[in-house]
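Chains, contacts and geometry: an overview
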Amino acid sequence: MEKKKITVKDKMWLFASPAHDDDFAFGKDGFIWRNISTITPTEGAAMLGLKNMLMVTSARTGKPVPFSADAYGYMESFCRMDKVLWSITGSGGFRHGNEEEFICDIAGKYPNVVGGFLDDMFGKEETKEEDCIKRLKTIREKLDRAPRPMELWATCYVKDAKKYSASMYDPIDVITVWNMRTSEIVNLESNFKEYEELLPDKRKVLGMYIFDYTTGLPVSPEMMEMQCETGLKWLKEGRIDGIIFLTNCLMGLSFPGEYWLRDWLDKVGDQEL
């Protein structure tokens, strides 16, 4: 049997939240956009041409709630996705408490579910490493009750590279590395290398923003190009196992950087790895 070809787009993911989840960001520091985004997760994936979905619960609304009609509705809308991760902790570390059980449930119903995601890890709840290790082990044990193996992914900010020891990450399969500020894009190499040195054998995925929450401004086409071309280079070199773009609820607002990203994905997406 001929081996399936792996393309660049097979390694691309959309970090998704309910539509309107980031409306709060558009008035920061007096900088107000004329519109607010109405783009749903599935629409965002279609706009970028992506087939992998990372669905994250909102700390502001608590939605989608595990086992709710809303949550199952999202899963139905992901029917054309190749892979789906569902958040175990949402934005800011928000949690209902039954996320692992829900992931085990949808893993049995939807074959494209591949695991759970820890966004912002634990928020402000736990900072002591021993507490984090204990909680991660519990999450891993619950996730292992799924009808088939599930992966555990986690958000790791460059500012936190020295916060925990390598052993804390043992239950995690994939770390996703993010910088919060557009100004940090120029330091992508040195920032990423800190996690490479800490966790040399851990699979890594690079996270990219299209909007800077700290300034209230979209990422420029020039900065998008810098981070995307760097990520593509690392993907081809095997330094990373994928790229995540954040997020649907920042899309559809005529950001020049988003237009650049769409064109870039069309250009490089079918390149074979």
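Further up the page is the structure itself.
Residues numbered from 1 in each chain as written. Predicted model: local features only at pLDDT ≥ 70, side-chain atom pairs only at ≥ 80, totals over all residues. Heavy atoms only, no water.

1. Considering the pairing of strand S6 (residues 174-178)
Spelled out, the test is: For every residue, the accessible area (1.4 Å probe, protein chains only) is compared with the maximum for its type, and the residue is labelled buried under 20%, exposed over 50%, or partly exposed between those bounds. Strands here are runs of E lasting at least two residues and helices are runs of H or I lasting at least four, both read from the DSSP assignment and numbered beginning at the N terminus. Strands qualify as paired when DSSP identifies two bridges or more between them. We call a crossover right-handed when, viewed with both strands directed away from the observer, the connection leading from the first strand over the helix to the second proceeds clockwise.
In terms of burial, S6 is largely enclosed, as five of its five residues are buried. The side-chain alternation of S6 yields two buried faces, one formed by Val-174, Thr-176 and Trp-178 and the other by Ile-175 and Val-177. Pairing of strand S5 (residues 151-157) with S6 involves five bridges; the strand directions are parallel. What sits directly across from Thr-155, in S6, is Thr-176. The pairing of S6 with strand S7 (residues 203-209) spans four bridges and is parallel. Along S7, the bridge assignment pairs Thr-176 with Val-205. Traced from S6 through helix H5 (residues 188-198) to S7, the parallel crossover comes out right-handed.

2. Digging into helix H7 (residues 256-268)
Note the following rule: Here a helix's expected span is defined as the number of its residues, less one, multiplied by 1.5 Å. Throughout, the arc means the angular range of directions from the helix axis out to the C-beta atoms. Residues are treated as being in contact if the distance between any of their heavy atoms lies within 4.5 Å.
Taking 1.5 Å of rise per residue, 13 residues should cover 18 Å, and H7 covers 18 Å from first to last C-alpha, within 8% of that figure. Among the residues of H7, those classed as buried are Gly-257, Glu-258, Trp-260, Leu-261, Trp-264, Leu-265 and Val-268. Seen from one end, H7 has its buried residues packed into an arc of 155°, which puts them on one side. Facing away from the buried side of H7 by more than 90 degrees, the exposed set consists of Asp-263, Asp-266 and Lys-267. Looking at the buried side of H7, the elements it contacts are strand S1 (12-16), helix H1 (41-48), helix H6 (221-237) and strand S10 (243-246).

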